[in-house]
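For reference, the chains in residue letters:
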Amino acid sequence: MKRIYIQEVATRDGLQIEDQFVPTDKKIDLINRMSDSGLDKIEVTSFVSPKAVPNLRDAKEVMDGIDRKPDVTYTTLIPNVKGAERAASCEADEVNLVASVSETHNQKNVRRTVEQSFADFKDISGFLSGTNIQINGTLATTFGCPFEGSIDEDRVMNLINEYLELGAKGITLADTTGMATPKQVYQLCEKVLKRWPDLPVTLHFHNTRGMGFANVIEGIRAGVSQFDASLGGLGGCPFAPGATGNICTEDLVHMLSFMDYEMRADLDQLIDTSKHLQTILQREVPGQIIKAGKITDLHAIS
């Protein structure tokens, strides 16, 4: 059965919008637990302005403090060359660049045009060219924008090409606001992989409208094998009305494991880690499996 790669984003995408500051030592412990659970990649943090994202103001301390496993890729989101310098000083394996396909969303997110964002990325690429740090290019609002509506597939293809010309080794197609439909996902992914059959494509879904896991299945059917997910279903876009959390890591692994897909991720460890996350946040998280249990968890007859 096909190998699926599970990539964790909770400690960046999830924690960035939490109101309370999660202490550095708890972040480090959480990431170490994630590493032990067999995840393939962890987006540890983001080197952005502490004023813009207060909960990630300890990015360097977290990166320097985690225990790294050789079979896990540790990546960080960066917005500019200064972020690239900080990521390099922490010996990140990869940096994640993000631009929206939608001009309106890009302006709201980073206060720049898409063209200006890619000009910044060119500078980042130049700085990283002498390092071993890989670049992943993410396209936010790939499947729809809450301000502009439908997204032109040809514009997505052109921006993928711009990332590849900058030296990106992987591309993430992100459904930032949960607007993707399964049919749309299959059609776009098939088109992308037909043009670039060897390109490592990641799909990043939100479950805003309840279609996240159906979108995963159609992505797999189109040939995609890498998926972002967030422990407990944390996350959401702060610049898009009503954009609730990412698809939940343990729920995703649960679904795929009972469909006989091959993964390194250990479901039981992820469930335990998600329960631990609830103790850190002191509230319930949106994930379903930690509430309902696995489908193999049977109950005594009363």
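Relevant structure appears above.
Residues numbered from 1 in each chain as written. Predicted model: local features only at pLDDT ≥ 70, side-chain atom pairs only at ≥ 80, totals over all residues. Heavy atoms only, no water.

1. Some details on the packing of helix H6 (residues 114–128) against helix H7 (residues 153–165)
Packing of H6 against H7 brings their axes to within 11 Å, and their N-to-C directions diverge by 20 degrees. Overall, the two elements H6 and H7 adopt an arrangement that is roughly parallel. Like other packed secondary-structure pairs, H6 and H7 cross with a definite hand, here right-handed. Between H6 and H7, the residues in contact are Val114, Phe118 and Phe121 and Arg155, Leu159, Glu162 and Tyr163, respectively. Looking at the contact of H6 with H7 residue by residue, the classes come out as five nonpolar, no polar and two charged. (Axes fitted to C-alpha atoms, helices over the stretch in contact; angles between N-to-C directions. Helix = DSSP H or I, 4+ residues; strand = E, 2+ residues; numbered from the N terminus. Parallel < 35°, antiparallel > 145°, perpendicular 65-115°, else oblique. Left-handed = near helix turned anticlockwise from the far one by under 90°. Contact = heavy atoms within 4.5 Å. Nonpolar A, V, L, I, M, F, W, Y, C, P; charged D, E, K, R; others polar.)

2. Focus: the sheet that holds strand S5 (residues 134–140)
The parallel closed barrel is built from eight strands, whose spatial order is S1-S2-S3-S4-S5-S6-S7-S8. In this sheet, neighbouring strand axes are inclined to one another by 25 degrees on average, regardless of whether the strands run parallel or antiparallel. As defined by bridge partners, S5 adjoins strand S6 (residues 170–175) across four bridges and the pair is classed as parallel. Each residue of the ladder has a partner; that of Thr138, found in S6, is Thr172. Against the sheet, helix H8 (residues 182–195) makes contact with S6 and strand S7 (201–205), and its axis sits at roughly 160 degrees relative to S7, the strand it touches most. (Pairing = 2+ DSSP bridges.)

3. Observations regarding the layout of surface pockets
A volume near 240 Å³ is recorded for the second largest pocket. Taken together, 15 residues line the second largest pocket, and the ones lying closest to its centre are Gln7, Lys41, Thr73, Glu94 and Gln226. Those elements that provide at least two residues to the lining of the second largest pocket are strand S1 (5–8) and S5. The element that contributes the greatest number of residues to the lining of the second largest pocket is S5, accounting for three residues. (1 Å grid on protein atoms, 1.4 Å probe; cavity = no way out; pocket = protein on both sides within 12 Å on 5 of 7 lines; lining within 4 Å. Points joined across faces, edges and corners; volume = space filled by probe spheres on them.)

4. Brief notes about empty space enclosed by the protein
As enumerated under the stated definition, the model contains one cavity of 30 Å³ or more in all. Space inside the largest cavity adds up to approximately 100 Å³. For the largest cavity, the lining is made up of 13 residues, of which Gln7, Lys41, Thr75, Asn96 and Asp228 are closest to its centre. Of all elements in the fold, only S1, strand S2 (41–46) and strand S4 (94–100) reach the threshold of two or more residues within the lining of the largest cavity. Sort the elements by how many residues they give to the lining of the largest cavity and S2 lands first, with three residues. A class-by-class count of the residues in the lining of the largest cavity yields two nonpolar, six polar and five charged.

5. Some remarks on the pattern of salt bridges
Scanning the entire structure with this criterion turns up 17 salt bridges. Note that Arg12 is salt-bridged to Glu43, the shortest N-O span being 3.0 Å. You can see Arg12 sitting in helix H1 (residues 10–14) and its partner Glu43 sitting in strand S2, a full 31 residues away along the chain. Residue Arg12 shares its accessibility class with Glu43, and that shared class is buried. One connected set of salt bridges, linked through shared partners, spans Arg3, Asp40, Asp71 and Arg264. (Salt bridge = Lys/Arg side-chain N within 4 Å of Asp/Glu carboxyl O. Buried < 20%, exposed > 50% of the residue type's maximum accessible area, 1.4 Å probe, protein only.)

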